[in-house]
Amino acid sequence: EIPAQRREVLAHLCAPMFYPRFSARQTAAEISARIRRRGTIVSPKEVNNKIQRTKDSVEENCLTELSDRGELAAFLVTHKLITRQDVDYFVIGE
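The rules we used
- Residues numbered from 1 in each chain as written.
- Predicted model: local features only at pLDDT ≥ 70, side-chain atom pairs only at ≥ 80, totals over all residues.
- Heavy atoms only, no water.
- Axes fitted to C-alpha atoms, helices over the stretch in contact; angles between N-to-C directions.
- Helix = DSSP H or I, 4+ residues; strand = E, 2+ residues; numbered from the N terminus.
- Parallel < 35°, antiparallel > 145°, perpendicular 65-115°, else oblique.
- Contact = heavy atoms within 4.5 Å.
- Nonpolar A, V, L, I, M, F, W, Y, C, P; charged D, E, K, R; others polar.
- Buried < 20%, exposed > 50% of the residue type's maximum accessible area, 1.4 Å probe, protein only.
- Salt bridge = Lys/Arg side-chain N within 4 Å of Asp/Glu carboxyl O.
- Phe/Tyr/Trp six-rings, centres within 6.5 Å; stacked < 30°, edge-to-face > 60°.
- Lys NZ or Arg CZ within 6 Å of the ring centre and 35° of its normal.
- Core = buried A, V, L, I, M, F, W, Y, C linked by side-chain atoms within 4.5 Å.

Asks: Would you mind showing me how to read the packing of helix α1 (residues 4-18) against helix α3 (residues 44-62) here?
Replies: A pair of packed helices is characterised by two quantities: the angle between their axes and the separation of those axes. In the contact formed by α1 and α3, the axes pass within 10 Å of each other and the chain directions differ by 95°. The pairing of α1 with α3 is recorded here as roughly perpendicular in orientation. Mapping the contact onto sequence places Gln-5, Arg-6, Val-9, Leu-10 and Leu-13 in α1 and Val-47, Lys-50, Ile-51, Arg-53 and Thr-54 in α3. Residue composition of the contact of α1 with α3, by class: five nonpolar, two polar and three charged.

Asks: Could you clarify how one ought to interpret the environment of Ile-92 in this entry?
Replies: Within the secondary structure, Ile-92 sits in helix α5 (residues 84-92). Contact partners of Ile-92, with chain neighbours within four places excluded, come to Tyr-19, Arg-21, Phe-22, Arg-38 and Val-87.

Asks: Any chance you could explain unusual backbone geometry here in plain terms?
Replies: Negative phi characterises most residues that are not glycine, and trans characterises most peptide bonds. Notably, Leu-63 is not glycine yet its phi reads approximately 50°, a positive angle. When you line up the elements, Leu-63 lands in the loop between α3 and α4 (69-78). Here the phi dihedral of Lys-80 falls at roughly 55°; this positive angle occurs in a residue that is not glycine. On the secondary structure map, Lys-80 appears in the loop between α4 and α5. Look at Lys-80 and you get exposed, because its relative accessible area is 64%.

Asks: Would you explain the pattern of salt bridges in this entry?
Replies: Oppositely charged side chains are able to pair whenever their charged atoms sit close together. A full pass over the atoms with the stated rule returns two salt bridges. A salt bridge links Asp-86 to Arg-7, with the nearest nitrogen and oxygen atoms 3.1 Å apart. Here Asp-86 is found in helix α5, whereas its partner Arg-7 is found in helix α1, with 79 residues between them in sequence. Looking at Arg-7, the relative accessible area reads 18%, which means it is buried. When the shortest N-O distance is used, the salt bridge between Glu-59 and Lys-55 registers 2.9 Å. Here Glu-59 pairs with Lys-55, and both are found in helix α3, just four residues apart, close to one helical turn. No difference in accessibility class separates Glu-59 from Lys-55, as the two residues are buried.

Asks: Looking at this structure, how should I read the packing of aromatic side chains?
Replies: Within a pair of aromatic rings, the relevant descriptors are the distance that separates the centres and the angle that separates the planes. Scanning the model with the defined rule gives one aromatic pair in all. Arranged with centres 4.9 Å apart and planes meeting at 80°, the rings of Tyr-89 and Phe-90 form a pair that is edge-to-face. Phe-90 gets classed as buried once you look at its relative accessible area, which sits at 16%. Across from the ring centre of Tyr-19, 5.2 Å away, lies the NZ or CZ of Arg-84, which sits over that ring.

Asks: How should I be thinking about the nonpolar core in this particular structure?
Replies: Nonpolar side chains in soluble globular proteins tend to end up buried together. Counting 27 residues, the largest nonpolar core has Leu-10, Val-47, Ile-51, Leu-72, Leu-76, Val-87 and Val-91 as the members making the most contacts within it. The set of elements that each furnish at least two residues to this core consists of α1, α2 (28-37), α3, α4 and α5. When sequence neighbours within four positions are dropped, the list of residues in contact with Val-47 reads Val-9, Ala-28, Ile-31, Ser-32 and Val-42.

Printed below as a string of structure tokens:
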């Protein structure tokens, strides 16, 4: 289960998995700016912290090691922790 306060950031992280128009190498500043345009204020540092806490939690709870954000995004999507509906809601706005 993904904590609600991290879901929006993680949806942005996973957006390239569903929509190739989003860069797979997006930075925390880019994610922060996109979220800000939707009306929520989150700093790049907060984005990094939310992603890192999620990565740490997944590694600890699933006894796995993820080498980068791309692997984290793939894990979240593969295990249906972040879905296309999450991306559509938080990123696309549908």
